[in-house]
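Commentary on secondary and tertiary structure
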Amino acid sequence: MGGGGGGSGDVAKAVAAMVVVQVIFAGVNIFYKLAVSDGMDMRVLVAYRYLFATAFVAPLAYFMERKNRTKLTWRVVVLSFMCGLTGGSLAQNLYISGMKLSSATFASATTNLIPAVTFVLAVAFRYERLGIRTSSGQAKLAGTLVGVGGAMLLTFYKGADITPPWLLHGGHDHGHVAAAVQQPRLAMGSVLCISSCCLYALWLILQAKLSREYPFHYSSTALMCAMSALQSVALALLLDVPEDDKRRWRLGLDIRLACVAYSGVLASGAMLVLLSWCVKRRGPLFASVFNPLILLLVAVLSSLLLAEKLHLGCALGAGLIVVGLYAVLWGKAREQPPKVADDHRLLPIAVTDVVVVPQIDPATNGGSPT
């Protein structure tokens, strides 16, 4: 997945990669909801996710980068710890807790705040240029605002039920899941999900920094997953410890094993490497603007598998989100490639398309918070 940072072929690869990432992350949201509805402890779920991810990525990192990998420094270790906390253990625990109090579709809707938060942070940390007087800058700003507006419309406006009858039939086997979300505590759930999204946006910025400090995608991803695993296991062992502690860690051939295997190997293993490459090539804002696609996928999958209904507000909000996404992509495409900065200095304020030797997720991910 090499190539230059400004060619149309490189843009096409990055777009295709991010679409794949969001499809996988959408599946995490569904697996999360099914596992939690089955009674799986949330903190144990997150801990297993990153244990599986570490076991998957670490061997790849060893064999694929052992000849070129440079020596670890304390700075890289600290950055990996912060990435594991903001994009892994803490973010995922908050997200899955918020999803438990609401629904998979609602939790996915809150992730659409990530592009706006990432845009503000990227400008503040000089990974993006605002350029409000240029057409590209105006398109990025307008696209971000339109996307957030679509997310707000989806969240606060329900509207008529537009669920196709054939979709409703797909959710009968999971009626207990639908019943579990009939009376969601949306206030607390939304606070938890939004907090997770803010951490995820911060992770994108930190990931870009880590990628520059340690430009080895497999190794940096393995480090982050290992840090997330240690943090998540510590949280699971220290908080809300029941009497039968061993039983809550037991996995069988059921939805729980499928959930941690899918989210760990795919979402936090393979997809994190792919996502790291996209952050390096196109910047943190580019990676964040694809999050709205999760909502479209989760809305359909939730109707099929979780018996959640589709409403008019979802369709209208999703339409605005897609318009905002294309506006940001158009603005990014109109920007001029930045000059390469020294690897050991902060990127200049003009940097937009390429983050110099930088490496968030995969998840990760989320689902969702992811």
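The name an unreviewed UniProt entry assigns to the protein chain is WAT1-related protein, from the organism Urochloa decumbens. Turning to the protein chain, the UniProt annotation filed under Subcellular location (unreviewed entry) states: "Membrane".

We now examine the overall build of the protein chain. A count of helical and extended segments in the protein chain gives 15 helices and zero strands. Accessible area of the protein chain: about 15,500 Å², with a carbon and sulfur share of 68%.

Let's shift gears to the confidence of the model for the protein chain. When pLDDT is averaged along the protein chain, the result is 75, and 77% of the positions lie at 70 or above. With pLDDT under 50 throughout, residues 1-5 is counted as low confidence; its partners more than four residues away or in other chains account for 14 contacts. When the criterion is pLDDT under 50, residues 338-370 qualifies, and its contacts beyond four places in sequence or with other chains add up to 153 contacts.

Time to look at a nonpolar patch on the surface. A surface patch of nonpolar side chains, about 500 Å² in accessible area, is lined by F56, L60, Y62, F63 and M64. Mapped onto the elements of the fold, F63 is located in helix α2 (residues 42-65). For F63, a relative accessible area of 55% translates into the label exposed.

Counting residues in each nonpolar core, the largest one holds 73 residues, and the members touching the most others are M18, F25 and L45. Counting residues per element, this core draws most heavily on helix α1 (residues 8-37), which supplies 13 residues.

In this section: the packing of aromatic side chains. Applying the stated rule across the entire model yields six aromatic pairs. Plain terms: the ring middles of Y62 and F63 are 5.1 Å apart, the flat faces sit at 80° to each other, and that makes the pair edge-to-face. Using a relative accessible area of 46% as the deciding quantity, one classes Y62 as partly exposed. Here Y200 and W203 contribute two aromatic rings whose centre-to-centre distance is 5.2 Å and whose plane-to-plane angle is 70°, an arrangement assigned as edge-to-face. With Y200 and W203 both in helix α9 (residues 186-213) and three residues apart, this pair spans about one turn of that helix. Assessed through its relative accessible area of 5%, Y200 is described here as buried. One aromatic cluster in this structure is built from Y48, F52 and W249.

Turning to the side chain of E65, a few remarks are in order. Its location among the elements puts E65 in helix α2. In this structure, E65 is buried with no salt-bridge partner, the nearest side chain bearing the opposite charge being R69 at 4.6 Å. A polar atom in the side chain of E65 sits 3.2 Å from the backbone nitrogen of H217. Setting aside chain neighbours within four positions, we find E65 in contact with L60, F216, H217, Y218 and S219.

It is worth spelling out α2 at this point. Its 24 residues give α2 an end-to-end C-alpha distance of 34 Å, which sits within 8% of 34 Å, the value for a rise of 1.5 Å per residue. Where α2 starts, the residue carrying a side-chain oxygen 3.0 Å from the main-chain nitrogen of R43 turns out to be D41.

A word on the environment of V233. Tracing the backbone shows V233 in helix α10 (residues 217-238). When the C-alpha positions of V233 and Y48 are compared, they lie 8.1 Å apart, and in sequence the two are 185 residues distant. Setting aside residues no more than four positions away along its own chain, V233 makes contact with A47 and L51.

Viewed as axis vectors pointing N to C, α10 and helix α12 (residues 255-282) meet at an angle of 125°, and their least axial separation amounts to 9 Å. When the axes of α10 and α12 are compared, the pair comes out oblique. As for how α10 packs across α12, the hand of that crossing is right-handed. Seen from α10, the contacting residues are H217, Y218, T221, M224 and C225; seen from α12, they are S268, G269, L272, V273, S276, W277 and K280. A per-class count over the contact of α10 with α12 returns six nonpolar, five polar and one charged.

A complete count under the given rule lists three salt bridges for this structure. Among the salt bridges present, the one from E213 reaches R75, with a minimum N-O distance of 2.9 Å. Here the residue E213 occupies a position in helix α9, and R75 occupies one in helix α3 (residues 74-101), the gap between them amounting to 138 residues. What makes E213 partly exposed here is its relative accessible area of 27%. Here R75 falls in the partly exposed class, since its relative accessible area comes to 47%. With a closest N to O distance of 3.8 Å, K209 and E213 form a salt bridge. A residue pair is termed a helical-turn pair when its members lie 3 or 4 positions apart in one helix, as K209 and E213 do in helix α9 at four residues.

A word on the side chain of N93. Assignment of secondary structure puts N93 in helix α3. Under the relative-accessibility criterion, N93 is labelled buried at 9%. Of the polar contacts made by the side chain of N93, one reaches the backbone oxygen of S89; its length is 2.7 Å. Setting aside residues no more than four positions away along its own chain, N93 makes contact with M42, R43, V46 and L235.

Parameters and conventions
Residues numbered from 1 in each chain as written. Predicted model: local features only at pLDDT ≥ 70, side-chain atom pairs only at ≥ 80, totals over all residues. Heavy atoms only, no water. UniProt positions renumbered as here; feature names shortened; annotations may be inferred. Helix = DSSP H or I, 4+ residues; strand = E, 2+ residues; numbered from the N terminus. Areas by Shrake-Rupley, 256 points an atom, 1.4 Å probe, with all protein chains shown as cover. pLDDT = per-residue confidence, 0-100. Contact = heavy atoms within 4.5 Å. Patch = residues over 30% accessible without salt bridge, like charges linked within 9 Å, V, L, I, M, F, W, Y side chains within 5 Å. Salt bridge = Lys/Arg side-chain N within 4 Å of Asp/Glu carboxyl O. Buried < 20%, exposed > 50% of the residue type's maximum accessible area, 1.4 Å probe, protein only. Core = buried A, V, L, I, M, F, W, Y, C linked by side-chain atoms within 4.5 Å. Phe/Tyr/Trp six-rings, centres within 6.5 Å; stacked < 30°, edge-to-face > 60°. Lys, Arg positive; Asp, Glu negative; His and termini not counted. Polar contact = N/O pair within 3.5 Å; in protein donor to acceptor, adjacent residues only side chain to side chain. Expected span 1.5 Å × (residues − 1). Axes fitted to C-alpha atoms, helices over the stretch in contact; angles between N-to-C directions. Parallel < 35°, antiparallel > 145°, perpendicular 65-115°, else oblique. Left-handed = near helix turned anticlockwise from the far one by under 90°. Nonpolar A, V, L, I, M, F, W, Y, C, P; charged D, E, K, R; others polar.

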